[in-house]
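Examining the three-dimensional arrangement
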Amino acid sequence: MALNTLAIDVGKNSFHVFGIDKDGVIVSRKVSRAKLAATVERLDPKIVAMEACGSAHHWGRLFQAAGRAVRLINAYFVKPFVRGSKNDATDAQAIFEAASRPTMRFVPVKSLECQDLQSLHRIRDRLVHNRTSLINHTRGLLAEHGVVLPQGAKRFTVQVGEAVAEAALSDLARELFLDLLDQLGDVDRRIARVDTRLVAICRENAACQRLVGMPGIGPVVATALVAAVDDGRHFRSGRDLAAWIGLVPRQYTTGGKPKLGGIGRRANHYLRRQIVHGARAVMSQAGRRSDPRAEWMKGVAARRGFNRAVIAVANKMARAAWAMLVREETYAPA
């Protein structure tokens, strides 16, 4: 049996496949993980469609190596095609319907290198989250003993050792706080090792080297961009990339009357956060400069406020990054 399109509802150990052959015969069956590759080979589809979810990129690379076209679809775009109660068979049928739409947008399959780099960023994000949680926990417990320290990871790390040494604490409390500081030091060392690895990768990657020439982009932002979008060619323009990252306002337009809101939750939150941090660093230096770019930033901040100006700068940074990736150009300041 040869199918044009085969939809797969991806799971951990159980998968459901759905397809319709040229004679109108419907294929809908449950398949175990061990038998999925053999089942796809036997059905011999030209196109394999899946939701862009966990392990989808792994299966996508596997099917592409067998010479099949792979279409990954954002689960948000599959949801409207679900009919009836939700189950694996219904989900597979919805993926099939979504994949057949001529205007559907698809997610490119990540290369193994990009996925490894993105995994490194996910580990770094978890470590930073753990460090913030540990600092807040320690600060709260110290406040119960009358020791109040300023906010900010750097200032806390510098002052907490001396504060614990000078505070009037019981032996048990001092032992507990020293143990918390040991944990904090271990997390800091882990983050430093990840940062060192990212710097080394950035130095070896030509695309990252071009990106770090832009103000506000360092090794962390550059490697995060390359891990997320690779060479950027699957976006039609820098505007599309900025919208995908989540740096454009929500739009509600009806009857030809546009209504724009703030930036929404549909975004690549990690990448948006990193680019916004870079844009905030650029904005903080704008007051010391008098070039046209700095004057534009100061004008936006005066009209719309500092935070909106930061998002505007981040939007410009994302568009410029797309142009640098696609055209393989270095940053050229105006």
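Residues numbered from 1 in each chain as written. Predicted model: local features only at pLDDT ≥ 70, side-chain atom pairs only at ≥ 80, totals over all residues. Heavy atoms only, no water.

**A short note on the overall build of the chain**
Of regular secondary structure, the chain possesses 13 helices and seven strands. Here the C-alpha coordinates of the chain stretch approximately 80 × 55 × 45 Å along the principal axes. For the chain, buried positions account for 39% of its 334 residues. Restricting to contacts in the chain with at least 6 residues of sequence separation, those with at least 24 account for 54%. Accessible surface for the chain amounts to roughly 19200 Å². Of this, 52% is attributable to carbon and sulfur atoms. (Helix = DSSP H or I, 4+ residues; strand = E, 2+ residues; numbered from the N terminus. Buried < 20%, exposed > 50% of the residue type's maximum accessible area, 1.4 Å probe, protein only. Contact = heavy atoms within 4.5 Å. Areas by Shrake-Rupley, 256 points an atom, 1.4 Å probe, with all protein chains shown as cover.)

**A few points about the packing of helix H5 (residues 112-144) against helix H11 (residues 269-286)**
Following both chains from N to C, one finds H5 and H11 inclined at 70 degrees, their axes separated by 12 Å at the closest point. With respect to H11, the element H5 is oriented roughly perpendicular. Mapping the contact onto sequence places His-121, Arg-122, Arg-124 and Asp-125 in H5 and Tyr-270, Arg-273 and Gln-274 in H11. Here the contact of H5 with H11 is built from residues that sort into one nonpolar, two polar and four charged. (Axes fitted to C-alpha atoms, helices over the stretch in contact; angles between N-to-C directions. Parallel < 35°, antiparallel > 145°, perpendicular 65-115°, else oblique. Nonpolar A, V, L, I, M, F, W, Y, C, P; charged D, E, K, R; others polar.)

**Describing the nonpolar core**
Counting 50 residues, the largest nonpolar core has Leu-211, Ile-217, Leu-225, Ile-245 and Ile-275 as the members making the most contacts within it. Listing elements by their share of this core, those giving two or more residues are H5, helix H7 (171-204), helix H8 (206-211), helix H9 (219-229), helix H10 (238-245), H11, helix H12 (292-304) and helix H13 (306-327). The element best represented in this core is H13, accounting for twelve residues. Apart from the residues within four sequence positions on either side, Ile-245 is in contact with Leu-225, Ala-267, Asn-268, Leu-271, Arg-272, Ile-275 and Ala-318. Judged by nonpolar contacts, the second largest core, of 18 residues, contains Ile-8, Val-31, Met-50 and Trp-59. (Core = buried A, V, L, I, M, F, W, Y, C linked by side-chain atoms within 4.5 Å.)

**Some details on the sheet that holds strand E5 (residues 69-73)**
The strand order across the open sheet formed by five strands is E3-E2-E1-E4-E5, and the pairing between neighbours is mixed. Each edge of the open sheet is held by one strand with a lone partner, namely strand E3 (26-32) and E5. Ignoring strand direction, the axes of neighbouring strands in this sheet form an average angle of 20 degrees. Taken together, the five bridges between strand E4 (residues 47-51) and E5 define a ladder with parallel strand orientation. Among the inter-strand pairings, Ile-47 is bridged to a residue of E5, identified as Ala-69. Sitting on the sheet, helix H2 (residues 56-65) is in contact with strand E1 (3-9), strand E2 (14-21), E4 and E5, with an inclination near 175 degrees to E4. (Pairing = 2+ DSSP bridges.)

**Brief notes about H5**
The end-to-end C-alpha distance of H5 is 48 Å, a good match for the 48 Å that 33 residues give at a rise of 1.5 Å each. Turning to H5, its buried residues number three or more, namely Cys-114, Leu-117, Gln-118, Leu-120, His-121, Arg-124, Leu-127, Leu-134, Ile-135, Thr-138, Arg-139 and Leu-142. Looking one or two residues beyond H5, the residue adopting positive phi is Gly-146, at roughly 85 degrees. (Expected span 1.5 Å × (residues − 1).)

**Some points on the environment of Gly-255**
Inspection of the secondary structure puts Gly-255 in the loop between strand E6 (249-251) and strand E7 (260-263). For the pair formed by Gly-255 and Met-50, sequence separation is 205 residues and the distance between their alpha carbons is 35 Å.

**Some points on the environment of Lys-257**
Its place among the elements puts Lys-257 in the loop between E6 and E7. By relative accessible area, which is 63% here, Lys-257 ends up exposed.

**Concerning the pattern of salt bridges**
Enumeration over the complete set of coordinates arrives at twelve salt bridges. Between Arg-68 and Glu-41 there is a salt bridge, with the nearest N and O atoms lying 3.0 Å from each other. You can see Arg-68 sitting in the loop between H2 and E5 and its partner Glu-41 sitting in helix H1 (residues 36-43), a full 27 residues away along the chain. For Arg-68, a relative accessible area of 8% corresponds to the buried category. For Asp-44, the salt bridge goes to Arg-68, with nearest N and O atoms at 2.9 Å. Placement of the pair is Asp-44 in the loop between H1 and E4 and Arg-68 in the loop between H2 and E5, with a sequence separation of 24 residues. (Salt bridge = Lys/Arg side-chain N within 4 Å of Asp/Glu carboxyl O.)

**Focus: the environment of Leu-271**
Tracing the backbone through its elements, the reader meets Leu-271 in helix H11. Along the chain, Leu-271 and Gly-246 lie 25 residues apart, while their C-alpha atoms are 9.1 Å from each other. When near neighbours in sequence (up to four residues on either side) are disregarded, Leu-271 contacts Ala-224, Leu-225, Ala-228, Trp-244 and Ile-245.

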